[in-house]
Amino acid sequence: MSRSSADKNAEILILRHELAVLRRQVTAPKPSWPDRAPLAVLTRLIPQTLRERRIISPRTLLAWHRRLVKQKWTQPPSTGRPPLPEEIRNLIIRLGTENPRWGFRRVHGELHRLGHKVSPATVGRALRAAGLGPAPRRQPARGEWAAFLKAQASGLLAPDLFHVDTIGLQRLYALFIMEVRTRTVHILGVTAHPTAAWATQQARQFLWQLGEQAAEFTHIIRDRDAKFTATFDAVLASEDITVAKAPPRQLTIRKIPAHNQ
């Protein structure tokens, strides 16, 4: 620390020249994990324009971070539900096609009588996947759900949570609400320990920020997360927003394009 600036500048120039010579000889350096830690920390202290000239690029730093997160947050993969056997699927489609006035519950009852243990929801999904609309109008459904969403999208909201991991490997949870029509995302808050009371307070703050614009929304579709309680629903109901709960494991929010985030 007691050295003059001229001495330090001269040493920096020498180190840069030595580094340039080494770069011509070593194409892909492989630093160990103890080498990576000081590089990752000190790189944040230099200007943005100088970060691209290091042997470790920002993309490499992010790859190291993703690897550390993967090693810390380990959990066994979910087995999921077993797929529907092909012969059962064909039988469901055959019953629905040959009996146009049967609904999915009637088809489920006939399968139960034949000894097949299949849930009514599975029968309904198999019929929809085959393009069979609801009874008694057993004709291929063409864009009915898409037409409904298009007509009602201007008044729909959808809340959910996602998580991010900091450089210190601390997991943070962000609560957001998306306007279905415009795909506009409102980040309501970020916390390391999300609770029902916290989610409810964020909903109050969201409605307060919307002001008179809250009257434009009529429905909100949410999943059955334990943090979305009756109090959360009551806050939205105070602005005449009807809460619709999605069936278990049914609500899916598609990836939002970067220009809409």
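Structure first, text after, so check above.
Only a predicted model underlies this, so the values are computations on that prediction, with no experimental measurement involved.

(A) How the structure looks around the overall build of the protein. From N to C terminus, the protein includes 10 helices and five strands. Counting across all 261 residues of the protein, residues that qualify as buried make up 26%. Restricting the contact set of the protein to residue pairs at least 6 apart, pairs at least 24 apart contribute 51%. Split by element, the accessible area of the protein, about 18800 Å² in all, is 56% carbon and sulfur.

(B) Spatial organisation of the packing of helix α6 (residues 104-113) against helix α7 (residues 120-129). Close contact between α6 and α7 brings their axes to 9 Å; oriented N to C, the two are set at 115°. Like other packed secondary-structure pairs, α6 and α7 cross with a definite hand, here right-handed. From α6, F104, R105, V107, H108 and L111 reach across to α7, where they touch P120, V123, G124 and L127. When the residues that make up the contact of α6 with α7 are grouped by side-chain class, the tally is six nonpolar, two polar and one charged.

(C) Structural view of the pattern of salt bridges. Counting across every chain of the model gives six salt bridges. Among the salt bridges present, the one from E98 reaches R94, with a minimum N-O distance of 3.2 Å. Taken as a pair, E98 and R94 lie in helix α5 (residues 86-98) at a separation of four residues, close to a single helical turn. By relative accessible area, E98 is classed as exposed at 51%. Here R106 ties to E110 by a salt bridge, and the two come within 3.2 Å at their closest N and O atoms.

(D) Region of the structure containing the sheet that holds strand β3 (residues 184-191). Taken together, the five strands give an open sheet; going across it, the order is β3-β2-β1-β4-β5, and neighbouring strands pair in mixed fashion. Of all the strands in the sheet, just β3 and β5 (242-245) have a single pairing partner and so form its edges. Neighbour-to-neighbour, the strand axes of this sheet turn through a mean angle of 30°, independent of strand direction. With four bridges joining them, strand β4 (residues 219-222) and β5 adopt parallel strand pairing.

(E) Representation of the pairing of strand β1 (residues 156-165). Pairing geometry for β1 and β4, over two bridges, is parallel. Bridge pairing links L156 to H219 in β4. Two elements, β1 and strand β2 (residues 171-179), share nine bridges in a ladder whose sense is antiparallel. From the neighbouring strand, V164 faces β2, where its bridge partner is L172. Counting the residues that bridge the hairpin from β1 to β2 gives five residues, and of these L169 lies at a positive phi of roughly 65°.

(F) Region of interest: the nonpolar core. Among the nonpolar cores identified, the biggest contains 18 residues, and L157, F206, L207 and I241 are the most heavily contacted of them. Secondary structure elements with two or more residues in this core: β2, α9 (196-210) and α10 (230-237). In this structure L157 touches I177, M178, E179, V180, F206, F217, H219, I220, I221 and I241, once residues within four positions along its chain are discounted. Counting 12 residues, the second largest nonpolar core, distinct from the first, contains L95, L111, V123 and L132.

(G) The arrangement of the environment of L95 in detail. Secondary-structure assignment places L95 in helix α5. Residue class for L95 comes out buried when judged on its relative accessible area of 14%. Once the C-alpha coordinates of L95 and E110 are considered, the two residues, 15 residues apart in sequence, prove to be 8.7 Å apart. L95 has contacts with W102, V107, E110 and L111, leaving out every residue within four places of it along the chain.

So, how was this worked out
- Residues numbered from 1 in each chain as written.
- Predicted model: local features only at pLDDT ≥ 70, side-chain atom pairs only at ≥ 80, totals over all residues.
- Heavy atoms only, no water.
- Helix = DSSP H or I, 4+ residues; strand = E, 2+ residues; numbered from the N terminus.
- Buried < 20%, exposed > 50% of the residue type's maximum accessible area, 1.4 Å probe, protein only.
- Contact = heavy atoms within 4.5 Å.
- Areas by Shrake-Rupley, 256 points an atom, 1.4 Å probe, with all protein chains shown as cover.
- Axes fitted to C-alpha atoms, helices over the stretch in contact; angles between N-to-C directions.
- Left-handed = near helix turned anticlockwise from the far one by under 90°.
- Nonpolar A, V, L, I, M, F, W, Y, C, P; charged D, E, K, R; others polar.
- Salt bridge = Lys/Arg side-chain N within 4 Å of Asp/Glu carboxyl O.
- Pairing = 2+ DSSP bridges.
- Core = buried A, V, L, I, M, F, W, Y, C linked by side-chain atoms within 4.5 Å.

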